[in-house]
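Each chain, written out:
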Amino acid sequence: AQSVAQPEDQVNVAEGNPLTVKCTYSVSGNPYLFWYVQYPNRGLQFLLKYITGDNLVKGSYGFEAEFNKSQTSFHLKKPSALVSDSALYFCAVRDGGSSNTGKLIFGQGTTLQVKP
Amino acid sequence: DAGVTQSPTHLIKTRGQQVTLRCSPKSGHDTVSWYQQALGQGPQFIFQYYEEEERQRGNFPDRFSGHQFPNYSSELNVNALLLGDSALYLCASSLDYEQYFGPGTRLTVT
């Protein structure tokens, strides 16, 4: 069965410093991986995805993620954190389906706290 | 272009009652998925509709049912509400690989 793990409940970083939010996955077949962000009392906003191609994926708001097949990881990164990046981040893997179908399996989420 | 919209925003129901939540997908999106997000948890997949049929279903009881209309909008129905059904219910629409989420409906069961 497909699964996703986010080993850190919370990540704290100072504004201006680089940030990393970790994600590891377990899939059978090719992984389709996603990162979403959730602000308080809001739905999930899509940040980026890995389907195939370059291992470094660039997304919205300056975020990027590095796909590592040998370590089965898909860590989210940003070179310089902003206070406004403080939110709840979810890693997800798609299970089954074609390009527009298939369910997402989410990790438990990581709270990112960026301090001024 | 309007994104995914959901109604109502908040809902309070009593145990045993029934509830219907509504979702309008992003323009041009033909697939709608529903997720339940309990407090402090990641979203859990309920089911997915494509071409007005339920294509996939997660590990939820038959009390949870849905429908997709010809205009691709969708409803989620929950019967015989339990206290444990209190959660944020998220609708997502997709045309390609990524799913776009609505703001959710916060359901409180008392």
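Residues numbered from 1 in each chain as written. Chains lettered and ligands numbered in written order. Predicted model: local features only at pLDDT ≥ 70, side-chain atom pairs only at ≥ 80, totals over all residues. Heavy atoms only, no water.

Undergrad: In this structure, what is going on with the overall build of chain A? I would like to understand it.
TA: The helix and strand tally for chain A stands at zero helices and twelve strands. Traced from its N-terminal end to its C-terminal end, chain A shows the element sequence β-β-β-β-β-β-β-β-β-β-β-β. Its C-alpha atoms give chain A a radius of gyration of 14 Å, near enough to 13 Å, the size a compact globule of 116 residues would have. Projected onto its principal axes, the C-alpha positions of chain A cover 40 × 30 × 25 Å. Considering chain A as a whole, with its 116 residues, one finds that 47% of them fall into the buried category. Accessible area for chain A stands at about 5,400 Å²; split by element, carbon and sulfur atoms hold 46% of it. Positive and negative side-chain charges of chain A, numbering 10 and 8 respectively, have mean locations separated by a distance of 4 Å. (Helix = DSSP H or I, 4+ residues; strand = E, 2+ residues; numbered from the N terminus. Rg over C-alpha atoms; globule rule 2.2 N^0.38 Å. Buried < 20%, exposed > 50% of the residue type's maximum accessible area, 1.4 Å probe, protein only. Areas by Shrake-Rupley, 256 points an atom, 1.4 Å probe, with all protein chains shown as cover. Lys, Arg positive; Asp, Glu negative; His and termini not counted. Charge placed at Lys NZ, Arg CZ, Asp CG, Glu CD.)

Undergrad: Got a minute to help me understand the pattern of salt bridges in this structure?
TA: For side chains bearing opposite charge, pairing can occur when the charged atoms are close. All names here are of chain B. Inspection of the entire model under this criterion finds eight salt bridges over all chains. Arg-55 serves as the salt-bridge partner of Glu-51, at 3.2 Å between the closest nitrogen and oxygen. Here Arg-55 falls in the partly exposed class, since its relative accessible area comes to 40%. The residue Glu-54 makes a salt bridge to Arg-57 at a minimum N-O spacing of 3.2 Å. The class of Glu-54 is partly exposed, set by a relative accessible area of 36%. In this structure Arg-57 comes out as partly exposed when scored by relative accessible area, which is 28%. (Salt bridge = Lys/Arg side-chain N within 4 Å of Asp/Glu carboxyl O.)

Undergrad: Explanation requested: the state of the cysteines in the structure shown.
TA: Each disulfide is one covalent bond, formed between the sulfur atoms of two cysteines. Using the criterion set out here, one finds two disulfides over all chains in the structure. In this model, Cys-23 of chain A is linked to Cys-91 of chain A through a disulfide, with the two sulfur atoms separated by 2.0 Å. Residues Cys-23 of chain A and Cys-91 of chain A are joined through a disulfide that is left-handed, its torsion about the S-S bond being -65 degrees. Separated by 68 residues along the polypeptide, Cys-23 of chain A in the loop between β3 (19-21) and β4 (24-26) and Cys-91 of chain A in strand β10 (residues 87-95) bring together distant segments of the chain. Linked covalently through their sulfurs, Cys-23 of chain B and Cys-91 of chain B form a disulfide whose S-S length is 1.8 Å. Given an S-S torsion of about -60 degrees, the disulfide between Cys-23 of chain B and Cys-91 of chain B has left-handed geometry. Placement of Cys-23 of chain B in strand β3 (residues 19-24) and of Cys-91 of chain B in strand β9 (residues 87-94) is noted, with a sequence separation of 68 residues between them. (Disulfide = S-S within 2.5 Å.)

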